[in-house]
Amino acid sequence: MTFKSTSTDLFNALDAVGGAVPSKPTVPILECVLLERKGDELILTSTDMDLSIQHCVRVDFEGKAVEATDRVAVPFRPFVDTCKALSDLPVAFNVDEHFNVTLSTDQGKYDWMAYDGRDYPDLPKAASAKTFVFAREHLRRAVAKTSFAVGKDPVRPAMTGTLFDLSEQEGCIVASDGHRLVKFTSEHFKSDNDVSFIVPVKALTVTNRVPGDETCTMLIDERHVSFQLGTTQVFSRLIDAKFPKYKAVIPVDNDQIVNVHRTSLVRAVHRVGLFSSSTSHQVTLKISKARMEVRAEDIERSSEAFENIECEFTGNSLLIGFNSLYLEEVLKNLESEYITMAFGNPNRAGVITPAESKPGEEVLMLIMPVMLNAYS
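Computed from a predicted model, the values in this text were never measured in an experiment.

1. Concerning the pattern of salt bridges
Alright, step 1. For the structure on display, the rule yields 20 salt bridges.
Alright, step 2. Ionic pairing is found between Glu-361 and Arg-141, a salt bridge with its closest N-O pair at 2.6 Å. Residue Glu-361 is found in strand 26 (residues 361-367), and its partner Arg-141 is found in helix 3 (residues 136-146); the two are separated by 220 residues along the sequence. Arg-141 shares its class with Glu-361; the two are buried.
Alright, step 3. Between Arg-348 and Asp-253 there is a salt bridge, with the nearest N and O atoms lying 2.8 Å from each other. With Arg-348 in the loop between strand 24 (338-343) and strand 25 (350-354) and Asp-253 in the loop between helix 5 (246-249) and strand 19 (256-261), the pair connects residues that are 95 residues apart, well separated along the chain.
Alright, step 4. A relative accessible area of 28% means that Arg-348 is categorised as partly exposed.
Alright, step 5. Given a relative accessible area of 49%, Asp-253 falls into the partly exposed group.
Alright, step 6. Salt bridges here are not isolated pairs; linked through shared partners, they connect Arg-141, Lys-145, Glu-335 and Glu-361.

Given below as C-alpha coordinates:
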(Lines give C-alpha, C1' and ligand atoms only; values in the text may rest on other atoms or scores of the structure.)
Protein backbone atom coordinates (compact mmCIF):
# COMPACT_ATOMS: atom_id res chain seq x y z
CA MET A 1 0.00 0.00 0.00
CA THR A 2 1.36 3.38 -1.04
CA PHE A 3 -0.38 6.73 -0.74
CA LYS A 4 0.25 10.43 -0.29
CA SER A 5 -1.45 12.80 2.10
CA THR A 6 -0.48 15.49 4.61
CA SER A 7 0.73 14.98 8.15
CA THR A 8 -2.21 17.05 9.43
CA ASP A 9 -4.86 15.02 7.60
CA LEU A 10 -3.28 11.78 8.79
CA PHE A 11 -3.06 13.02 12.36
CA ASN A 12 -6.72 14.07 12.34
CA ALA A 13 -7.75 10.67 10.98
CA LEU A 14 -5.66 8.84 13.59
CA ASP A 15 -6.95 11.08 16.35
CA ALA A 16 -10.51 10.21 15.32
CA VAL A 17 -9.93 6.51 16.08
CA GLY A 18 -7.53 6.89 19.01
CA GLY A 19 -10.25 6.58 21.64
CA ALA A 20 -10.55 2.83 21.08
CA VAL A 21 -6.83 1.96 21.15
CA PRO A 22 -6.25 0.23 24.52
CA SER A 23 -3.41 1.45 26.74
CA LYS A 24 -2.72 -2.09 27.95
CA PRO A 25 -3.73 -4.42 25.09
CA THR A 26 -4.33 -8.10 25.78
CA VAL A 27 -2.73 -8.98 22.43
CA PRO A 28 -0.08 -6.88 20.62
CA ILE A 29 -2.10 -6.27 17.47
CA LEU A 30 -4.72 -4.32 19.44
CA GLU A 31 -2.18 -1.53 20.00
CA CYS A 32 -2.40 -0.95 16.25
CA VAL A 33 -4.73 0.92 13.95
CA LEU A 34 -5.91 -1.06 10.95
CA LEU A 35 -5.45 0.64 7.55
CA GLU A 36 -7.49 -0.64 4.61
CA ARG A 37 -7.66 0.53 1.03
CA LYS A 38 -11.20 0.71 -0.34
CA GLY A 39 -11.43 2.51 -3.65
CA ASP A 40 -10.12 6.06 -3.18
CA GLU A 41 -10.60 5.97 0.58
CA LEU A 42 -8.36 4.90 3.43
CA ILE A 43 -10.34 3.20 6.19
CA LEU A 44 -8.85 3.40 9.69
CA THR A 45 -10.12 1.09 12.43
CA SER A 46 -9.26 0.67 16.11
CA THR A 47 -10.73 -1.59 18.78
CA ASP A 48 -10.29 -2.76 22.36
CA MET A 49 -12.78 -5.60 21.70
CA ASP A 50 -15.57 -3.74 23.51
CA LEU A 51 -15.37 -0.38 21.75
CA SER A 52 -14.43 0.10 18.09
CA ILE A 53 -14.07 3.19 15.92
CA GLN A 54 -13.89 3.40 12.14
CA HIS A 55 -13.03 6.51 10.15
CA CYS A 56 -12.52 7.05 6.44
CA VAL A 57 -10.38 9.70 4.74
CA ARG A 58 -9.48 10.36 1.11
CA VAL A 59 -5.82 9.99 0.16
CA ASP A 60 -3.91 9.76 -3.13
CA PHE A 61 -3.12 6.08 -3.69
CA GLU A 62 -0.34 5.10 -6.04
CA GLY A 63 -0.37 1.96 -8.16
CA LYS A 64 -2.93 -0.79 -8.24
CA ALA A 65 -4.46 -2.41 -5.19
CA VAL A 66 -2.40 -5.31 -3.84
CA GLU A 67 -4.41 -7.67 -1.65
CA ALA A 68 -1.43 -8.74 0.50
CA THR A 69 -0.58 -5.21 1.66
CA ASP A 70 -3.89 -3.34 1.34
CA ARG A 71 -4.87 -4.37 4.87
CA VAL A 72 -2.14 -3.56 7.39
CA ALA A 73 -2.12 -3.08 11.17
CA VAL A 74 0.21 -0.20 12.07
CA PRO A 75 1.29 0.48 15.68
CA PHE A 76 -0.80 3.47 16.66
CA ARG A 77 1.47 5.38 19.04
CA PRO A 78 4.55 5.93 16.81
CA PHE A 79 2.28 6.67 13.86
CA VAL A 80 0.15 9.35 15.56
CA ASP A 81 3.09 10.86 17.47
CA THR A 82 5.13 11.24 14.29
CA CYS A 83 2.27 12.87 12.39
CA LYS A 84 1.62 15.21 15.31
CA ALA A 85 5.30 16.20 15.58
CA LEU A 86 5.58 17.03 11.89
CA SER A 87 4.50 20.41 10.59
CA ASP A 88 1.72 20.46 8.06
CA LEU A 89 3.83 18.69 5.44
CA PRO A 90 3.13 16.46 2.46
CA VAL A 91 3.90 12.87 3.46
CA ALA A 92 4.22 9.59 1.62
CA PHE A 93 3.21 6.32 3.29
CA ASN A 94 4.44 2.95 2.08
CA VAL A 95 4.22 -0.61 3.39
CA ASP A 96 5.99 -3.46 1.63
CA GLU A 97 5.23 -7.19 1.46
CA HIS A 98 7.14 -7.75 4.72
CA PHE A 99 5.03 -5.09 6.49
CA ASN A 100 7.87 -2.62 6.83
CA VAL A 101 6.32 0.83 7.12
CA THR A 102 7.99 3.98 5.79
CA LEU A 103 6.65 7.48 6.33
CA SER A 104 8.67 10.02 4.35
CA THR A 105 8.74 13.77 3.77
CA ASP A 106 11.06 16.08 1.86
CA GLN A 107 13.00 16.46 5.10
CA GLY A 108 13.30 12.91 6.39
CA LYS A 109 12.14 9.32 6.60
CA TYR A 110 10.68 7.27 9.45
CA ASP A 111 10.60 3.45 9.49
CA TRP A 112 8.96 0.91 11.78
CA MET A 113 7.33 -2.52 11.66
CA ALA A 114 3.64 -3.30 11.20
CA TYR A 115 1.49 -6.44 11.25
CA ASP A 116 -0.52 -8.38 8.70
CA GLY A 117 -3.95 -6.75 8.75
CA ARG A 118 -5.62 -10.10 8.14
CA ASP A 119 -4.90 -10.92 11.79
CA TYR A 120 -6.78 -7.84 13.03
CA PRO A 121 -10.19 -8.56 14.65
CA ASP A 122 -13.29 -7.96 12.55
CA LEU A 123 -15.82 -5.40 13.69
CA PRO A 124 -19.22 -6.63 14.92
CA LYS A 125 -22.06 -6.60 12.43
CA ALA A 126 -25.47 -5.60 13.75
CA ALA A 127 -28.23 -8.08 12.96
CA SER A 128 -31.89 -7.00 12.84
CA ALA A 129 -30.87 -3.59 14.11
CA LYS A 130 -33.31 -0.87 15.10
CA THR A 131 -32.43 2.50 13.60
CA PHE A 132 -32.80 5.97 15.11
CA VAL A 133 -31.81 9.23 13.44
CA PHE A 134 -31.44 12.47 15.38
CA ALA A 135 -29.42 15.67 15.44
CA ARG A 136 -25.96 15.50 17.00
CA GLU A 137 -26.75 18.35 19.37
CA HIS A 138 -29.45 16.28 21.11
CA LEU A 139 -27.06 13.38 21.77
CA ARG A 140 -24.37 15.78 22.97
CA ARG A 141 -26.74 17.33 25.48
CA ALA A 142 -28.01 13.99 26.72
CA VAL A 143 -24.47 12.72 27.31
CA ALA A 144 -23.25 15.98 28.84
CA LYS A 145 -26.16 16.08 31.29
CA THR A 146 -25.86 12.47 32.48
CA SER A 147 -22.27 11.21 32.16
CA PHE A 148 -21.02 12.79 35.40
CA ALA A 149 -23.41 10.61 37.42
CA VAL A 150 -22.41 7.26 35.88
CA GLY A 151 -21.08 4.80 38.45
CA LYS A 152 -17.56 3.38 38.48
CA ASP A 153 -18.11 0.28 40.63
CA PRO A 154 -17.54 -2.88 38.54
CA VAL A 155 -19.57 -4.85 41.08
CA ARG A 156 -22.64 -3.05 39.69
CA PRO A 157 -22.00 -3.20 35.93
CA ALA A 158 -25.42 -1.84 34.94
CA MET A 159 -24.63 1.44 36.64
CA THR A 160 -21.30 1.87 34.78
CA GLY A 161 -23.29 2.79 31.70
CA THR A 162 -26.10 5.10 30.62
CA LEU A 163 -29.61 3.75 30.25
CA PHE A 164 -31.62 4.63 27.13
CA ASP A 165 -35.28 3.98 28.00
CA LEU A 166 -37.27 4.92 24.90
CA SER A 167 -41.00 4.77 24.21
CA GLU A 168 -43.67 6.45 22.11
CA GLN A 169 -44.36 8.97 24.87
CA GLU A 170 -40.81 10.01 25.73
CA GLY A 171 -37.16 9.17 25.58
CA CYS A 172 -35.37 8.96 28.93
CA ILE A 173 -31.60 8.87 29.29
CA VAL A 174 -30.66 7.90 32.84
CA ALA A 175 -27.44 7.59 34.83
CA SER A 176 -26.82 6.84 38.50
CA ASP A 177 -23.95 5.94 40.80
CA GLY A 178 -26.16 5.20 43.80
CA HIS A 179 -25.52 8.62 45.34
CA ARG A 180 -26.98 10.66 42.50
CA LEU A 181 -29.40 9.98 39.68
CA VAL A 182 -30.00 12.03 36.55
CA LYS A 183 -33.01 11.58 34.28
CA PHE A 184 -32.82 13.51 31.01
CA THR A 185 -36.10 13.37 29.13
CA SER A 186 -36.23 14.47 25.50
CA GLU A 187 -38.86 14.32 22.80
CA HIS A 188 -36.05 13.81 20.28
CA PHE A 189 -35.38 10.22 21.45
CA LYS A 190 -38.87 8.77 21.13
CA SER A 191 -39.29 5.27 19.71
CA ASP A 192 -42.21 3.63 17.90
CA ASN A 193 -41.65 0.56 20.06
CA ASP A 194 -40.50 0.41 23.67
CA VAL A 195 -36.78 -0.28 23.82
CA SER A 196 -34.31 -0.17 26.70
CA PHE A 197 -30.53 -0.67 26.60
CA ILE A 198 -27.40 0.36 28.50
CA VAL A 199 -24.48 1.97 26.64
CA PRO A 200 -21.02 2.05 28.26
CA VAL A 201 -20.16 5.64 29.19
CA LYS A 202 -16.84 5.42 27.33
CA ALA A 203 -18.67 4.79 24.05
CA LEU A 204 -20.85 7.85 24.57
CA THR A 205 -17.91 10.03 25.61
CA VAL A 206 -15.96 9.00 22.50
CA THR A 207 -19.01 9.60 20.31
CA ASN A 208 -19.45 13.08 21.77
CA ARG A 209 -15.86 13.96 20.87
CA VAL A 210 -16.33 13.22 17.17
CA PRO A 211 -16.36 16.63 15.45
CA GLY A 212 -19.16 17.83 13.23
CA ASP A 213 -22.77 18.92 13.59
CA GLU A 214 -24.37 16.47 11.22
CA THR A 215 -27.13 14.06 12.15
CA CYS A 216 -26.39 10.87 14.02
CA THR A 217 -27.70 7.46 12.99
CA MET A 218 -27.89 5.01 15.90
CA LEU A 219 -28.32 1.27 15.27
CA ILE A 220 -29.12 -1.15 18.09
CA ASP A 221 -29.37 -4.91 18.13
CA GLU A 222 -29.46 -7.26 21.12
CA ARG A 223 -25.73 -6.97 21.85
CA HIS A 224 -24.31 -3.91 20.10
CA VAL A 225 -24.91 -0.25 19.38
CA SER A 226 -23.32 1.86 16.68
CA PHE A 227 -23.28 5.59 16.02
CA GLN A 228 -22.75 6.74 12.43
CA LEU A 229 -21.38 10.30 12.42
CA GLY A 230 -20.42 11.48 8.97
CA THR A 231 -17.16 9.70 8.06
CA THR A 232 -16.78 8.19 11.53
CA GLN A 233 -18.60 5.22 13.04
CA VAL A 234 -18.43 4.16 16.70
CA PHE A 235 -19.32 0.57 17.67
CA SER A 236 -19.81 -0.70 21.21
CA ARG A 237 -21.00 -3.73 23.09
CA LEU A 238 -24.06 -3.04 25.20
CA ILE A 239 -23.89 -3.73 28.92
CA ASP A 240 -25.67 -7.01 29.54
CA ALA A 241 -27.20 -6.23 32.93
CA LYS A 242 -30.46 -4.99 34.43
CA PHE A 243 -30.59 -1.30 35.30
CA PRO A 244 -32.23 -0.49 38.68
CA LYS A 245 -35.88 0.57 38.59
CA TYR A 246 -35.09 4.25 38.58
CA LYS A 247 -38.69 5.47 38.53
CA ALA A 248 -39.34 3.77 41.87
CA VAL A 249 -36.59 5.71 43.68
CA ILE A 250 -37.68 9.18 42.55
CA PRO A 251 -39.87 10.69 45.30
CA VAL A 252 -43.15 12.09 44.02
CA ASP A 253 -44.49 13.55 47.28
CA ASN A 254 -41.64 15.76 48.50
CA ASP A 255 -43.65 18.74 49.70
CA GLN A 256 -40.98 21.07 51.10
CA ILE A 257 -40.04 23.25 48.14
CA VAL A 258 -37.08 25.62 47.84
CA ASN A 259 -36.49 28.08 45.01
CA VAL A 260 -32.95 29.42 45.02
CA HIS A 261 -30.42 31.14 42.77
CA ARG A 262 -28.30 28.32 41.39
CA THR A 263 -24.94 30.10 41.04
CA SER A 264 -25.17 31.55 44.54
CA LEU A 265 -25.78 28.08 45.96
CA VAL A 266 -22.97 26.49 43.90
CA ARG A 267 -20.46 29.04 45.15
CA ALA A 268 -21.60 28.76 48.75
CA VAL A 269 -21.41 24.95 48.70
CA HIS A 270 -17.95 25.10 47.16
CA ARG A 271 -16.52 27.61 49.63
CA VAL A 272 -18.10 26.10 52.72
CA GLY A 273 -17.26 22.60 51.50
CA LEU A 274 -13.56 23.47 51.80
CA PHE A 275 -14.08 23.36 55.57
CA SER A 276 -15.91 20.03 55.63
CA SER A 277 -14.52 16.71 56.77
CA SER A 278 -12.08 15.21 54.27
CA THR A 279 -13.81 11.87 54.85
CA SER A 280 -17.51 12.71 54.58
CA HIS A 281 -17.37 16.10 52.78
CA GLN A 282 -20.64 16.82 54.59
CA VAL A 283 -22.40 20.16 54.39
CA THR A 284 -25.75 20.90 55.95
CA LEU A 285 -28.53 23.02 54.54
CA LYS A 286 -30.66 24.70 57.21
CA ILE A 287 -33.65 26.14 55.41
CA SER A 288 -36.25 28.55 56.72
CA LYS A 289 -38.80 30.78 55.02
CA ALA A 290 -36.42 33.20 53.26
CA ARG A 291 -32.93 31.97 54.10
CA MET A 292 -30.72 28.97 53.53
CA GLU A 293 -27.70 28.47 55.76
CA VAL A 294 -24.94 26.33 54.24
CA ARG A 295 -22.63 25.03 56.98
CA ALA A 296 -19.70 22.63 57.34
CA GLU A 297 -17.36 21.56 60.10
CA ASP A 298 -14.25 19.44 60.44
CA ILE A 299 -13.66 18.54 64.06
CA GLU A 300 -10.21 17.06 63.40
CA ARG A 301 -8.97 20.33 61.92
CA SER A 302 -11.01 22.51 64.27
CA SER A 303 -12.44 24.32 61.26
CA GLU A 304 -15.92 25.55 60.53
CA ALA A 305 -17.65 27.75 57.96
CA PHE A 306 -21.13 28.90 57.04
CA GLU A 307 -22.83 31.18 54.52
CA ASN A 308 -26.35 32.50 54.25
CA ILE A 309 -28.13 32.91 50.93
CA GLU A 310 -31.63 34.09 50.10
CA CYS A 311 -34.29 31.62 49.00
CA GLU A 312 -38.03 31.06 48.85
CA PHE A 313 -39.22 28.14 50.94
CA THR A 314 -42.61 26.46 51.19
CA GLY A 315 -42.72 24.15 54.18
CA ASN A 316 -41.53 23.80 57.75
CA SER A 317 -37.94 24.53 58.74
CA LEU A 318 -35.61 21.83 57.42
CA LEU A 319 -32.12 20.60 58.24
CA ILE A 320 -30.58 18.15 55.77
CA GLY A 321 -27.04 17.04 54.95
CA PHE A 322 -25.31 16.22 51.66
CA ASN A 323 -21.90 15.29 50.37
CA SER A 324 -20.66 18.69 49.16
CA LEU A 325 -18.79 17.23 46.17
CA TYR A 326 -21.86 15.41 44.89
CA LEU A 327 -24.14 18.39 45.51
CA GLU A 328 -21.79 20.83 43.80
CA GLU A 329 -21.47 18.61 40.74
CA VAL A 330 -25.24 18.22 40.45
CA LEU A 331 -25.76 21.98 40.67
CA LYS A 332 -23.04 22.70 38.09
CA ASN A 333 -24.72 20.41 35.58
CA LEU A 334 -27.92 22.44 35.62
CA GLU A 335 -28.18 25.52 33.45
CA SER A 336 -31.06 27.73 34.57
CA GLU A 337 -30.52 30.78 36.73
CA TYR A 338 -32.90 29.48 39.39
CA ILE A 339 -33.54 25.92 40.52
CA THR A 340 -36.25 24.15 42.48
CA MET A 341 -35.28 21.73 45.26
CA ALA A 342 -37.99 19.40 46.61
CA PHE A 343 -37.41 17.68 49.96
CA GLY A 344 -39.39 15.35 52.17
CA ASN A 345 -37.62 14.45 55.41
CA PRO A 346 -33.85 14.52 56.10
CA ASN A 347 -33.54 10.81 55.23
CA ARG A 348 -35.24 11.01 51.83
CA ALA A 349 -33.60 11.87 48.53
CA GLY A 350 -33.86 15.45 47.34
CA VAL A 351 -35.09 16.21 43.82
CA ILE A 352 -33.54 19.15 41.97
CA THR A 353 -34.93 20.56 38.74
CA PRO A 354 -34.20 23.71 36.74
CA ALA A 355 -36.76 26.50 36.94
CA GLU A 356 -36.60 26.73 33.14
CA SER A 357 -35.81 24.00 30.60
CA LYS A 358 -35.06 23.98 26.91
CA PRO A 359 -38.08 23.25 24.68
CA GLY A 360 -38.66 19.53 24.27
CA GLU A 361 -36.58 18.39 27.23
CA GLU A 362 -36.73 17.99 31.00
CA VAL A 363 -33.90 17.44 33.47
CA LEU A 364 -34.39 15.87 36.88
CA MET A 365 -31.53 15.27 39.31
CA LEU A 366 -31.82 13.27 42.49
CA ILE A 367 -29.28 13.31 45.31
CA MET A 368 -29.19 11.13 48.40
CA PRO A 369 -28.71 12.83 51.80
CA VAL A 370 -26.08 11.82 54.34
CA MET A 371 -26.58 11.17 58.04
CA LEU A 372 -26.17 14.36 60.00
CA ASN A 373 -23.21 14.68 62.35
CA ALA A 374 -23.88 15.26 65.99
CA TYR A 375 -22.87 18.94 65.83
CA SER A 376 -25.71 19.66 63.44
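2. Considerations on the packing of aromatic side chains
Alright, step 1. As enumerated under the stated definition, the model contains 8 aromatic pairs in all.
Alright, step 2. Ring centres of Phe-79 and Trp-112 lie 5.7 Å apart, and the angle between their planes is 55°; on these two criteria the pair is classed as tilted. Within this pair, whereas Phe-79 is found in helix 2 (residues 76-85), its partner Trp-112 is found in strand 9 (residues 109-113), the two being separated by 33 residues in sequence.
Alright, step 3. Exposure remark for Phe-79: the relative accessible area of 1% places this residue in the buried category.
Alright, step 4. On the numbers, 6.4 Å between centres and 75° between planes, the contact of Phe-164 with Phe-189 is edge-to-face. Taken together, the positions of Phe-164 in strand 12 (residues 161-166) and Phe-189 in the loop between strand 14 (180-186) and strand 15 (195-200) put the pair 25 residues apart, joining distant regions of the chain.
Alright, step 5. Taking relative accessible area as the criterion, Phe-164 reaches 1% and is therefore assigned buried.
Alright, step 6. Using a relative accessible area of 2% as the deciding quantity, one classes Phe-189 as buried.

3. Section: the nonpolar core
Alright, step 1. Residues Leu-35, Leu-42, Phe-79, Phe-93, Leu-265, Met-292 and Met-341 are the most contacted members of the largest nonpolar core, which totals 94 residues.
Alright, step 2. Among the elements that make up this core, the one with the highest residue count is helix 6 (residues 262-273) (5 residues).
Alright, step 3. For Leu-35, the residues in contact, after removing those within four places along its chain, are Met-1, Leu-42, Ile-43, Leu-44, Asp-70, Arg-71, Val-72, Val-74, Phe-79 and Phe-93.
Alright, step 4. Counting 15 residues, the second-largest nonpolar core is a separate cluster that includes Cys-172, Phe-243, Tyr-246 and Ala-342.

4. Examining the sheet that holds strand 22 (residues 303-314)
Pairing between sheet strands relies on hydrogen bonds along the backbone, with the strands arranged either parallel or antiparallel.
Alright, step 1. The strand order across the open sheet built from 12 strands is 15-12-13-14-26-25-24-19-22-21-20-23, with neighbouring strands paired in antiparallel fashion. Looking at the sheet topology across the chains shown, the edges are occupied by strand 15 and strand 23 (318-323). Averaged over all neighbouring strand pairs, the angle between strand axes comes to 25°, with direction disregarded.
Alright, step 2. As paired elements, strand 13 (residues 171-176) and strand 14 share 6 bridges and run antiparallel to each other. Bridging from a neighbouring strand, Cys-172 pairs with Thr-185 of strand 14.
Alright, step 3. Contacts from helix 4 (residues 201-209) reach strand 12 and strand 15, with the element oriented near 80° to strand 15.
Alright, step 4. Helix-sheet contacts for helix 6 involve strand 19, strand 20 (282-287), strand 21 (291-298), strand 22 and strand 24, and the interaxial angle to strand 22 is about 160°.

The rules behind each value
- Residues numbered from 1 in each chain as written.
- Predicted model: local features only at pLDDT ≥ 70, side-chain atom pairs only at ≥ 80, totals over all residues.
- Heavy atoms only, no water.
- Salt bridge = Lys/Arg side-chain N within 4 Å of Asp/Glu carboxyl O.
- Helix = DSSP H or I, 4+ residues; strand = E, 2+ residues; numbered from the N terminus.
- Buried < 20%, exposed > 50% of the residue type's maximum accessible area, 1.4 Å probe, protein only.
- Phe/Tyr/Trp six-rings, centres within 6.5 Å; stacked < 30°, edge-to-face > 60°.
- Core = buried A, V, L, I, M, F, W, Y, C linked by side-chain atoms within 4.5 Å.
- Contact = heavy atoms within 4.5 Å.
- Pairing = 2+ DSSP bridges.
- Axes fitted to C-alpha atoms, helices over the stretch in contact; angles between N-to-C directions.

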